[in-house]
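Working through the structure, step by step
The chain contents come next:
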Amino acid sequence: MTILKELESRLAAALTTTLGEPASAAVTPAADLRFGDYQSNAAMVLAKQRKTNPRALAQEIIGHLALDGLATADIAGPGFINFRILPSAYAAKVTALLADEKLGAPPIGEGRTVVVDFSAPNVAKPMHVGHIRSTIIGDSLSRIACFLGFKVIADNHIGDWGTQFGMILHGWKTLLDADALEANPIPELLRIYREVNAATKADPAVLETCKNELVKLQAGDPDNLAIWQQCIDVSKRGLQKIYDVLDVKFDHWLGESYYNDRLAGIVDEFLTKGLARESNGAICIFSDGTKKPEEDPFMVQRENGWTDNPAIIRKADGGYLYATTDLATIQFRIDEWKADQVWYVVGVPQSLHFRQIFDAAARWGKTGNFQHVAFGSILGDDRKLMKTRSGDNVQLTDVLDEAVERAAKIIAEKSPDLQADEAAEIARIVGIGAVKFAELSQNRLTDYVFAWDRMLALQGDTAPYLQYSSVRIRSIFRKLDAPFDAASATITLNEEAEIHLARLHARFGELLPLILEDFRPNLLANYLLELARAFHSFFEACPVLKSEDSIRESRLALCELTSRILTTGLGLLGIQCPERM
Ligand code: ARG
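Residues numbered from 1 in each chain as written. Predicted model: local features only at pLDDT ≥ 70, side-chain atom pairs only at ≥ 80, totals over all residues. Heavy atoms only, no water.

**A look at the overall build of the protein chain**
Summing up its helical and strand segments, the protein chain has 20 helices and 15 strands in all. Here the protein chain holds 581 residues, and the buried ones make up 51% of them. For the protein chain, restricting intrachain contacts to residue pairs at least 6 apart in sequence, the fraction spanning at least 24 positions comes to 74%. By element, 51% of the accessible surface of the protein chain is carried by carbon and sulfur atoms, the whole surface being about 26600 Å². (Helix = DSSP H or I, 4+ residues; strand = E, 2+ residues; numbered from the N terminus. Buried < 20%, exposed > 50% of the residue type's maximum accessible area, 1.4 Å probe, protein only. Contact = heavy atoms within 4.5 Å. Areas by Shrake-Rupley, 256 points an atom, 1.4 Å probe, with all protein chains shown as cover.)

Right, here's the structure in full:
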């Protein structure tokens with residue numbers, strides 16, 4: 001059990017004795033360490049309900065608190081109960097964590113299945129920086145959920161059936177350079193897409209032709225289907241290369257097209273169940289009138305008041321839409337995969353879409369915990385959406401290549417003696433790590449400026465700083481004559497720097513569940529920075545290799561645990577640690 005949970009259970013027991021009935025006993029880490037390690041405002045909350053004096057109630061609660069061996073408690077301000085954990089309790093915790101491969105993380109997800117829907121680029125269009133956020137955040141959330149015991153299904157719901165195929169098909173038939181496609185398929189697909197897209201703007205007849213190609217594809221025309229399949233195949237191969245560089249894995253790639261044959265049936269079902277109706281030839285889902293208009297995704301406020309804001313699931317021409325596929329996807333995930341939760345890691349602009357389909361799914365009887373894990377935009381130096389000089393969206397591959405190149409320069413300067421292949425691998429780990437950490441250390445909802453120098457700095461709030469910290473700790477162990485067995489070390493904590501390090505070690509397992517409460521990997525990123533800084537302070541204040549027997553052993557064990565938490569924590573962010581750098 002985490003120290004926090006232990007305190008909560010002891011506090012709950014004291015509350016029961018004090019009040020004669022159970023009451024909720026929330027404990028949080030203290031904001032200011034001068035007052036203790038943890039605190040609770042339970043006395044204040046309960047005194048308010050009972051109209052008694054909070055300090056007096058706090059005093060009574062403390063009188064009934066059995067904290068022996070764990071902490072001391074006192075009262076502060078208007079009735080806060082502050083807990084200070086005993087160094088011996090932290091020492092026992094460190095010992096326990098060294099023997100626990102989960103490093104104190106509680107198995108909160110056991111028995112539950114979560115589908116994480118992330119990355120999901122649109123095929124035959126380049127993956128742009130917007131997809132970076134989804135890929136990196138989604139991958140990290142999947143890793144954390146898995147570590148906490150969830151059964152995680154990572155699903156790449158690629159956009160492989162969109163209207164872009166009308167243009168691609170037309171371009172394929174009229175503009176394709178087969179050699180270029182062979183050599184480097186994605187840029188060639190992108191070229192034809194862009195050229196046709198421009199042509200449709202100049203000439204409405206071209207747009208008509210593209211629409212016809214799309215209709216033929218959707219009607220199952222064998223030639224168009226064959227071209228489509230080839231596009232999907234080369235695109236997937238191109239995407240897979242990017243995921244390999246990023247070290248991101250999926251359990252499935254069930255794209256939009258996977259659901260094609262289910263769409264007609266779903267629209268029929270919505271009609272027969274009265275969940276949708278016809279409007280101007282289209283089939284639409286309207287409000288069911290059970291919610292206040294402000295909370296109803298099927299209502300929108302216009303000048304003349306609230307009006308309907310339906311979701312179309314079949315167009316008048318018979319075509320299906322994004323909402324239809326997403327309903328089919330929900331059905332599949334709930335019925336086939338038995339998902340308890342589905343997390344959609346998709347940008348803020350799609351929030352209305354998700355509110356609508358979550359609402360429609362609930363009315364349809366598809367129950368589960370559906371979450372839109374939204375995120376903001378990535379900005380360039382000028383604080384505008386990141387674009388290339390020619391005004392195009394910046395492509396993900398270019399960003400990753402540049403990250404690795406820049407990291408390679410830094411590594412070459414710092415460690416000129418490394419072998420070429422080792423240096424290249426370190427550059428990949430450091431460059432990709434830097435991009436991921438820059439993303440994950442932000443609050444996902446804020447727009448952030450993509451700044452190379454800042455994210456690659458060895459001193460700063462960066463992945464390279466954390467990776468370097470981990471390398472430094474590993475190098476301590478390389479100086480030992482014999483392998484160190486941390487499990488048999490006796491931990492004693494005397495110095496403030498040692499106690500603080502142990503305090504942070506104990507926090508790791510408390511923090512991870514909080515991340516999943518509102519999907520904030522930045523809590524972990526910031527925790528790891530704090531841990532690394534605490535380690536450096538400890539290392540300056542407390543000699544390790546030069547100290548004597550039991551102290552040396554205890555401090556080496558603290559180094560070992562720090563190293564494990566750093567690498568595990570970075571691993572949960574999808575960031576690797578090199579052996580050297
Ligand atoms: N392909 C979409 C896009 O790039 C994202 C899909 C997200 N997942 C979903 N089930 N709708 O915008």
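**Thoughts on the nonpolar core**
Looking at soluble globular proteins, one finds that nonpolar side chains tend to be buried together. With 156 residues, the main nonpolar core has Leu7, Phe165 and Leu524 as its most contacted residues. With 11 residues, helix 18 (residues 496-518) is the largest single contributor of residues to this core. Filtering out sequence-adjacent residues up to four positions away, Leu7 remains in contact with Val27, Tyr38, Leu67, Leu70, Ala71, Phe83 and Ile85. (Core = buried A, V, L, I, M, F, W, Y, C linked by side-chain atoms within 4.5 Å.)

**Digging into the side chain of Asp359**
With respect to the helices and strands, the residue Asp359 is situated in helix 13 (residues 351-364). By relative accessible area, which is 13% here, Asp359 ends up buried. A polar atom in the side chain of Asp359 sits 2.8 Å from the side chain of Lys291. The contact partners of Asp359, leaving out residues within four places of it in the chain, are Lys291, Pro297 and Phe298. (Polar contact = N/O pair within 3.5 Å; in protein donor to acceptor, adjacent residues only side chain to side chain.)

**Points about the sheet that holds strand 7 (residues 277-279)**
Within a sheet, each strand pairs with its neighbour through backbone hydrogen bonds, oriented either parallel or antiparallel. Spatial strand order, 7-8-11: three strands in an open sheet with antiparallel pairing. This sheet does not close on itself; its edge strands, each paired only once, are strand 7 and strand 11 (311-314). Ignoring which end each strand starts from, the neighbouring axes of this sheet average 50° apart. Here three bridges tie strand 8 (residues 282-285) to strand 11, and the two strands are oriented antiparallel to one another. (Pairing = 2+ DSSP bridges. Axes fitted to C-alpha atoms, helices over the stretch in contact; angles between N-to-C directions.)

**Some remarks on the site of the ligand**
Asp117, Ala120, Asn122, His131, His157, Tyr322, Asp326, Tyr344, Val346, Gln350 and Phe354 make up every residue found near the ligand. In the model, a nitrogen atom of the ligand is placed 2.8 Å from a nitrogen or oxygen of the Asn122 side chain. The side chain of His131 places a nitrogen or oxygen atom 3.0 Å from an oxygen atom of the ligand. Considering the ligand on its own, with 350 Å² of exposed area, one finds that the protein chains cover 89% of that surface. For the shell around the ligand, the per-class residue count stands at five nonpolar, four polar and two charged. (Near = heavy atom within 4 Å. Nonpolar A, V, L, I, M, F, W, Y, C, P; charged D, E, K, R; others polar.)

**Observations concerning the sheet that holds strand 1 (residues 28-29)**
Here four strands make up an open sheet; going across it, the order is 1-2-4-3 and the pairing antiparallel. Two strands lie at the open edges of the sheet, namely strand 1 and strand 3 (71-76), each paired on one side alone. Sheet topology note: the strand 1/strand 2 (residues 38-40) ladder contains two bridges and is antiparallel. When the sheet's bridge partners are listed, Pro29 is paired in strand 2 with Tyr38.

**Structural notes on the pattern of salt bridges**
Evaluated as defined, the whole model comprises 32 salt bridges. In this structure, the salt-bridge partner of Arg580 is Glu422, at a minimum N-O distance of 2.8 Å. Of this pair, Arg580 sits in the segment after helix 20 (549-572) while Glu422 sits in helix 15 (residues 420-440); the two residues are 158 residues apart in sequence, bridging distant segments of the chain. Using a relative accessible area of 25% as the deciding quantity, one classes Glu422 as partly exposed. Sharing partners across several salt bridges, the network here consists of Asp139, Arg143, Asp247 and Lys249. (Salt bridge = Lys/Arg side-chain N within 4 Å of Asp/Glu carboxyl O.)

**A few points about a negative patch on the surface**
A contiguous patch of negative charge, built from Asp485, Glu548, Asp549 and Glu553, is present on the exposed surface. Within the secondary structure layout, Asp485 lies in the loop between helix 17 (463-478) and helix 18. (Patch = residues over 30% accessible without salt bridge, like charges linked within 9 Å, V, L, I, M, F, W, Y side chains within 5 Å. Lys, Arg positive; Asp, Glu negative; His and termini not counted. Charge placed at Lys NZ, Arg CZ, Asp CG, Glu CD.)

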